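Chain residues, written in single-letter form:
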Amino acid sequence: MENVQTPSNVPTYGAIKRQSTDNCPTCRGIGRIPRGHDQLVAVIPCNDVRLRPRRTKLYVCISMVVCLFLCCLILFFLFPRSVTLAPVSVLSVMVYFTPDAVDMEVTNLINVTNENFVPVQIVEFSVQGLISSAVVGTSKFTNVTTMQGRSQKSVTFKIDLPVTDGGLNTYCKSTTIKIHTLFLELQ
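Since we're looking at a predicted model, the values are computed, not measured.

(A) Representation of the overall build of the chain within the structure. What the chain contains, in helices and strands, is two helices and six strands. Walking the chain from its N terminus toward its C terminus, one meets helices and strands in the order α-β-β-β-β-β-α-β. Buried positions account for 23% of the 187 residues belonging to the chain. Across the chain, the fraction of contacts at a sequence separation of at least 24, relative to all contacts at a separation of at least 6, is 59%. Carbon and sulfur atoms make up 60% of the accessible area of the chain, which amounts to about 14300 Å² in all.

(B) Focus on helix α2 (residues 166-173). If you check which residues of α2 are buried, you get Leu168, Asn169 and Cys172. End-on, the buried residues of α2 take up no more than an arc of 100°, which puts them together on one face. Residues of α2 that are exposed and point over 90 degrees away from its buried face: Gly167 and Thr170. Where α2 is buried, its residues touch β1 (83-97), β2 (102-114), β3 (120-131) and β5 (151-163).

(C) Representation of the pairing of strand β4 (residues 134-147) in the model. Both β3 and β4 contribute to a ladder of 11 bridges, which runs antiparallel. When the sheet's bridge partners are listed, Gln128 is paired in β4 with Thr138. Where β3 folds back on β4, the antiparallel hairpin that results is connected by two residues, among which Ser132 adopts a positive phi of roughly 55°.

(D) A look at the sheet that holds β4. Spatial ordering of the open sheet is given by β4-β3-β6, a layout of three strands whose pairing is antiparallel. The open sheet has two free edges, formed respectively by β4 and β6 (184-186), since each of these has just one partner strand. For this sheet the average axis-to-axis angle between neighbouring strands, irrespective of direction, equals 20°. In the sheet, β3 pairs with β6 via three bridges, with the strands oriented antiparallel. From the neighbouring strand, Gly129 faces β6, where its bridge partner is Leu186.

(E) Layout of the environment of Val163. Take Val163: it is sitting in strand β5. The class for Val163 is buried, based on a relative accessible area of 1%. Between the C-alpha atom of Val163 and that of Gly137, which follows or precedes it by 26 residues, the distance is 8.2 Å. If near-sequence neighbours (up to four positions away) are discounted, Val163 is found in contact with Ala101, Val102, Met104, Ile131, Leu168 and Asn169.

The rules we used
Residues numbered from 1 in each chain as written. Predicted model: local features only at pLDDT ≥ 70, side-chain atom pairs only at ≥ 80, totals over all residues. Heavy atoms only, no water. Helix = DSSP H or I, 4+ residues; strand = E, 2+ residues; numbered from the N terminus. Buried < 20%, exposed > 50% of the residue type's maximum accessible area, 1.4 Å probe, protein only. Contact = heavy atoms within 4.5 Å. Areas by Shrake-Rupley, 256 points an atom, 1.4 Å probe, with all protein chains shown as cover. Arc of directions from axis to C-beta. Pairing = 2+ DSSP bridges. Axes fitted to C-alpha atoms, helices over the stretch in contact; angles between N-to-C directions.

This is the structure in structure tokens:
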């Protein structure tokens, strides 16, 4: 049977044999190391139970799980999400006729949704107006809004669309058609 030593039958600190009453050469039996003592020497048996820490694997596994959990939380809250723009409605369209073109001033309302947990600032916002896949006007807006985390805001903007195409210009100025319909797409 294996002889396992427990803390009750472990030899005293610095004693090699049980019957030895020699003091520890480092602390000289007082239990404290004097200042200025450069050379530390202690004799501890290799099979001393106090040298084997208990539950080391458990502590390492628990610390790894806690670190992994904290990393996942940080990634979840700080991982960037997209800012969503959703059209709500066209508030007004003003049409002005000039000899060379037809100018339209469109006022549009959009919802801006921030899904992030941190505030974002919309620095630049550009809108293109398309009629039959032909770009008729672009507008660029700067410093539109600042949004708090997990919030939604409505933004109103105006875009000027000059219709200079000859065919569209003639169609818009035609007096034979009472209602002129143009399909305008904003992107």
